[in-house]
Amino acid sequence: MALSQKFALGSLVVAGAAVCFPLATEATGIPVEHWVVPFVALGVGGALGFVLSRSLARSFSALGSATERISRGDLTVQIPVEEGGAFPDETQDLARSVQRMLASLRDLVGHVQRTADRVSHAAADLARSAQAVAAAGEQISTTVNGIAEGVAGQQELLAGATRGVHDLAPSLDTLGPL
């Protein structure tokens with residue numbers, strides 16, 4: 001039953017009390033002054049208002065504390081939904097909506113955590129690949145340095161051989177044909 005319907009029903013009960021109270025007192029023979037009737041209606045209305053407000057306050061208090069915990073990141077909170085009851089209203093619909101929202105938040109956080117784990121693993125794989133490339137680059141650099149040193153050594157030997165041939169050439173010219 002909607003809250004507006006509860007309040008309308010409460011108004012009808014108050015009106016009924018205002019109409020029925022004088023009739024009931026007259027039927028029982030209890031003398032009652034006419035000025036008492038509005039106070040009886042006010043009393044009935046106050047009692048109904050108190051009962052309705054207590055019910056609403058309990059529902060909203062439970063929802064308020066649950067949503068406060070959710071706002072602080074606590075997704076383990078349980079949302080109380082008072083099922084059944086004499087007069088269910090929109091507060092139960094609101095509680096169910098908050099339950100669905102909380103379930104969606106849990107799913108979203110789980111998805112974000114799984115994605116973060118995948119990104120973390122991919123970053124670790126990338127770091128390992130970068131280390132392997134760096135190590136291969138170091139090996140290539142070492143090999144190229146070794147080749148360069150070998151080429152330099154070969155150049156020195158070739159230069160020495162060239163000097164030796166140049167040094168021998170005048171001696172061979174003096175020997176004449178053989």
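Criteria and cut-off values
Residues numbered from 1 in each chain as written. Predicted model: local features only at pLDDT ≥ 70, side-chain atom pairs only at ≥ 80, totals over all residues. Heavy atoms only, no water. Helix = DSSP H or I, 4+ residues; strand = E, 2+ residues; numbered from the N terminus. Buried < 20%, exposed > 50% of the residue type's maximum accessible area, 1.4 Å probe, protein only. Contact = heavy atoms within 4.5 Å. Salt bridge = Lys/Arg side-chain N within 4 Å of Asp/Glu carboxyl O. Patch = residues over 30% accessible without salt bridge, like charges linked within 9 Å, V, L, I, M, F, W, Y side chains within 5 Å. Areas by Shrake-Rupley, 256 points an atom, 1.4 Å probe, with all protein chains shown as cover. Core = buried A, V, L, I, M, F, W, Y, C linked by side-chain atoms within 4.5 Å. pLDDT = per-residue confidence, 0-100. Expected span 1.5 Å × (residues − 1). Bend = angle between axes of the 7 residues up to and from the residue. Axes fitted to C-alpha atoms, helices over the stretch in contact; angles between N-to-C directions. Parallel < 35°, antiparallel > 145°, perpendicular 65-115°, else oblique. Left-handed = near helix turned anticlockwise from the far one by under 90°. Nonpolar A, V, L, I, M, F, W, Y, C, P; charged D, E, K, R; others polar.

Moving on to the overall build of the chain. If you tally the helices and strands in the chain, you get 3 helices and 0 strands. The linear arrangement of helices and strands in the chain, starting from the amino end, is α-α-α. Counting across all 178 residues of the chain, residues that qualify as buried make up 13%. Counted over contacts in the chain with a minimum sequence separation of 6, partners at least 24 positions apart contribute 59%.

Our focus in this paragraph is the pattern of salt bridges. Evaluation of the coordinates by the stated rule reveals 4 salt bridges. The residue Asp74 makes a salt bridge to Arg69 at a minimum N-O spacing of 2.7 Å. Judged by relative accessible area, Asp74 falls into the partly exposed class, the value being 22%.

On the surface, a nonpolar cluster with roughly 330 Å² of combined accessible area is contributed by Met101, Leu105, Leu108 and Val112. Counting through the fold element by element, Leu105 comes out in helix 3 (residues 90-175).

Moving on to the nonpolar core. Listed in full, the 9 residues of the largest apolar core are Leu63, Ala66, Ile70, Leu75, Val77, Ile79, Ala95, Val98 and Leu102. For this core, the secondary-structure elements that each account for two or more residues are helix 2 (36-71) and helix 3. Residues within four places of Ala66 in sequence aside, it is in contact with Val77 and Ile79.

Turning next to the environment of Gln92. Among the secondary structure elements, Gln92 is positioned in helix 3. For the pair formed by Gln92 and Val81, sequence separation is 11 residues and the distance between their alpha carbons is 5.8 Å.

Okay, the confidence of the model for the chain next. In this model, the chain carries an average pLDDT of 83, and 90% of its residues clear a pLDDT of 70 or more. Of all helices and strands in the chain, the one with the weakest mean pLDDT is helix 1 (residues 3-28) (71), whereas helix 3 scores best (91).

Tracing the chain through its elements places Thr91 in helix 3. Look past the residues within four positions of Thr91 in its chain and what remains in contact with it is Leu56, Ser59, Phe60 and Leu63.

With that settled, consider helix 3. Here helix 3 contains 86 residues, and its C-alpha end-to-end distance of 125 Å stays within 8% of the 128 Å for a straight helix at 1.5 Å per residue. A maximum bend of about 30° is found in helix 3 at Ala169, where proline Pro170 lies one to four positions downstream. Tucked into the core, helix 3 has its buried residues touching helix 2.

The end-to-end C-alpha distance of helix 2 is 51 Å, a good match for the 52 Å that 36 residues give at a rise of 1.5 Å each. Taken residue by residue, helix 2 has Val37, Ala41, Leu52, Leu56, Ser59, Leu63, Ala66 and Ile70 as its buried positions.

Let us now look at the side chain of Ser59. Along the chain, Ser59 turns up in helix 2. Discounting residues that sit within four places of it in the chain, Ser59 has contacts with Glu82 and Thr91.

In this section: the packing of helix 2 against helix 3. Where helix 2 contacts helix 3, the axes come no closer than 10 Å and their chain directions differ by 10°. The orientation of helix 2 with respect to helix 3, classified from their angle, is roughly parallel. The handedness of the crossing between helix 2 and helix 3 is left-handed. Packed against helix 2, whose contacting residues are Leu56, Ser59, Phe60, Leu63, Thr67 and Ile70, the element helix 3 presents Thr91, Leu94, Ala95, Val98, Leu102 and Leu105 at the interface. Of the residues assigned to the contact of helix 2 with helix 3, the class counts are 9 nonpolar, 3 polar and no charged.

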